[in-house]
Amino acid sequence: MKKEDAFSAEFLSQFKTGEELLGFMKELQKRGIEQFLEAEMDEHLGYARSQLSENGNSRNGHGRKKIKTSLGEAEISVPRDRDSSFNPVVVPKRKNIVDGIENIIISLYAKGMSVSDIQEQIKELYEFDLSTSAISRITDKVSNEIVAWQNRPLEPIYLIVWMDGIVFKVRENSKVIDKTIYIAVGLKRDGRKEVLGLWLGKNESAAFWIGVLTDIKARGVEDLLITATDNLTGFTGAIKSVFPQSSTQICVVHQIRNACKYVVWKDRKEFAGDMKNIYCAPNREAAAHALEALDQKWGSKYSYAIKSWRRNWDELTVFFDFPLEIRKIIYTTNLIENLNGKIRKYTKNKMSFPTDDAVLKSTFLAVLEATKKWTMPIRDWATILNQFILIFEDRLIL
């Protein structure tokens, strides 16, 4: 039979039920694994079965081993050698789970399923029991990936870096407390986005962000042209202490939400409409006039809301220094908030995490899932790049 005819309609017609087809697939997989093992033994010994040994070691029969794969359980024949030095790659010693099922488990974990839920899913789909401890050992392998990913070298220059935090419930000393995963997303010189890292801390603070930025610098980053952040007190100073030339824009959307906290519900729609005149102004001077008009109309009633604009005015209006195309992507941290939303989607089934390691693993896997489509430059990249080159000619070395 030609290999292209292996799964032709005529061939498949011999199977009357799905169980018969599954049985055939299991046997095909079993034989395939056994053939791989025989080939690995040939490579290990340095000679084929029909040849004579040249190194003193030789085949020593076969052993039986039960394995678990994405098609279910199977018992395979594993070749042995006389000095017991053979450790196959396909099914290593002291391991009975083939990589395919491990990838499935990690994928389910990344999508927010708990260890117990994964156990039930594996039993239902593949008809074998897998202990929660075995599943945990599989997902623990992700920790090594996190360490390598978190310490990888970064590019020397990022045009824009968006920074924000996302809060999770984590168990610590028999209590469930809030902890923050700090996230930084950079815009590279090719127009593509990159998550620079994940950092776990108890509370979002400017002091903690100094540590984050220092870590980024230690991994090779020399310059951040523009940073976009929330309105955390002291954030701008923290950035300037590590990257003194960076232009820091406070997220206008965060500012709008913060100001509206001081406004009663019945006035919020009208107040928000008046605030729009500030951040939609054509330039900083017009924005300042719009703020004065907001103060004249609402200042006596909502003075704290107006003060919150004045207190952060310099950082709130940095985006007016740039062309419209750049303004659109720096005056808000929507990009990173959208990423946070996808992380929440993948982790929503977990009301709390048992350890710091668990929340880092889940967030890391969620980031990998959420950023799979980050393969293209941002919209209007050619225009934006030329604008950056003109504005930052002395710092942007291409």
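Not measured: the values here are computed from a predicted model. (Residues numbered from 1 in each chain as written. Predicted model: local features only at pLDDT ≥ 70, side-chain atom pairs only at ≥ 80, totals over all residues. Heavy atoms only, no water.)

Asker: Give me the overall build of the protein chain: which residues, what numbers.
Answerer: Within the protein chain, the secondary structure is distributed over 16 helices and seven strands. Each of the 398 residues in the protein chain was classed as buried or not, and the buried ones make up 46%. The long-range fraction of contacts in the protein chain, counting pairs at least 24 apart against all pairs at least 6 apart in sequence, stands at 64%. Of the accessible surface of the protein chain, which amounts to about 21,400 Å², a share of 52% is contributed by carbon and sulfur atoms. (Helix = DSSP H or I, 4+ residues; strand = E, 2+ residues; numbered from the N terminus. Buried < 20%, exposed > 50% of the residue type's maximum accessible area, 1.4 Å probe, protein only. Contact = heavy atoms within 4.5 Å. Areas by Shrake-Rupley, 256 points an atom, 1.4 Å probe, with all protein chains shown as cover.)

Asker: Let's hear about a positive patch on the surface: which residues, and what values?
Answerer: The grouping of Lys342, Lys345, Lys348 and Lys373 at the surface amounts to a positive patch. Within the secondary structure layout, Lys348 lies in the loop between α14 (334-347) and α15 (356-370). A relative accessible area of 60% means that Lys348 is categorised as exposed. (Patch = residues over 30% accessible without salt bridge, like charges linked within 9 Å, V, L, I, M, F, W, Y side chains within 5 Å. Salt bridge = Lys/Arg side-chain N within 4 Å of Asp/Glu carboxyl O. Lys, Arg positive; Asp, Glu negative; His and termini not counted. Charge placed at Lys NZ, Arg CZ, Asp CG, Glu CD.)

Asker: Which residues make up the packing of aromatic side chains, and what are the values?
Answerer: This model, assessed by the stated rule, comprises 14 aromatic pairs. Cluster of aromatic residues (ring-pair linked, three or more members): Tyr182, Phe208, Trp209 and Phe235. It is Lys193 that lies over the ring of Trp374; its NZ or CZ is 4.8 Å from the centre. (Phe/Tyr/Trp six-rings, centres within 6.5 Å; stacked < 30°, edge-to-face > 60°. Lys NZ or Arg CZ within 6 Å of the ring centre and 35° of its normal.)

Asker: Could you give an account of the side chain of Gln255, naming the residues involved and the relevant values?
Answerer: As for its position among the elements, Gln255 is in helix α8 (residues 252-260). A polar atom in the side chain of Gln255 sits 2.9 Å from the side chain of Ser308. Beyond its immediate sequence surroundings of up to four residues, Gln255 is in contact with Asn231, Ala305, Ser308, Trp309, Asn312 and Leu316. (Polar contact = N/O pair within 3.5 Å; in protein donor to acceptor, adjacent residues only side chain to side chain.)

Asker: Explain the pairing of strand β4 (residues 175-187) residue by residue, including any values.
Answerer: Both strand β3 (residues 157-172) and β4 contribute to a ladder of 13 bridges, which runs antiparallel. Bridging across to β4, Asp164 finds its partner in Ile183. Here β3 folds back onto β4, and the loop between the two strands holds two residues, one of which, Asn173, carries a positive phi near 50°. As consecutive antiparallel partners, β4 and strand β5 (residues 193-201) are separated by five residues, and within that stretch Gly191 has a phi angle of approximately 90°, a positive value. (Pairing = 2+ DSSP bridges.)

Asker: Outline the nonpolar core, supporting the account with residue identities and numerical values.
Answerer: Core analysis: the biggest nonpolar cluster contains 79 residues, and Ile183, Ile226, Phe271, Trp309 and Phe388 have the highest contact counts within it. Among the elements that line this core, the one with the most residues is α15, at eight residues. Residues in contact with Phe388, not counting those within four places in the same chain, are Leu159, Ile160, Leu225, Ile226, Ile326, Glu393 and Leu396. Judged by nonpolar contacts, the second largest core, of 18 residues, contains Trp199, Trp209, Val221 and Ile239. (Core = buried A, V, L, I, M, F, W, Y, C linked by side-chain atoms within 4.5 Å.)

Asker: Describe in detail the sheet that holds β5, supporting the description with residues and values.
Answerer: Overall, mixed pairing links the five strands, which are arranged β5-β4-β3-β6-β7 in an open sheet. Because the sheet does not close on itself, it has two edges, and the strands there are β5 and β7 (247-250). Strand-to-strand twist in this sheet, taken as the mean axis angle between neighbours without regard to direction, amounts to 25°. Along the sheet, α14 contacts β3, β4 and β5; its crossing angle with β3, the most-contacted strand, is approximately 30°. (Axes fitted to C-alpha atoms, helices over the stretch in contact; angles between N-to-C directions.)

Asker: Quick rundown of the pattern of salt bridges? Include the residues and the values.
Answerer: All chains considered together, the criterion is met by 18 salt bridges. Measuring nitrogen to oxygen at the nearest pair gives 3.4 Å for the salt bridge that ties Arg219 to Asp215. For Asp215, a relative accessible area of 23% puts it in the partly exposed group. A salt bridge links Lys266 to Asp267; the shortest N-O distance between them is 3.5 Å. Several salt bridges share partner residues, and in doing so they unite Glu172, Lys179 and Asp356 into one network.

Asker: Report on the side chain of Thr332, specifying residues and quantitative values.
Answerer: By the secondary structure assignment, Thr332 is in the loop between α13 (324-330) and α14. Given the relative accessible area of 7%, Thr332 is considered buried. Side-chain polar atoms of Thr332 contact the side chain of Asn334, separated by 3.1 Å. Leave out the neighbours within four places in its chain, and Thr332 touches Trp162, Cys251 and Val253.

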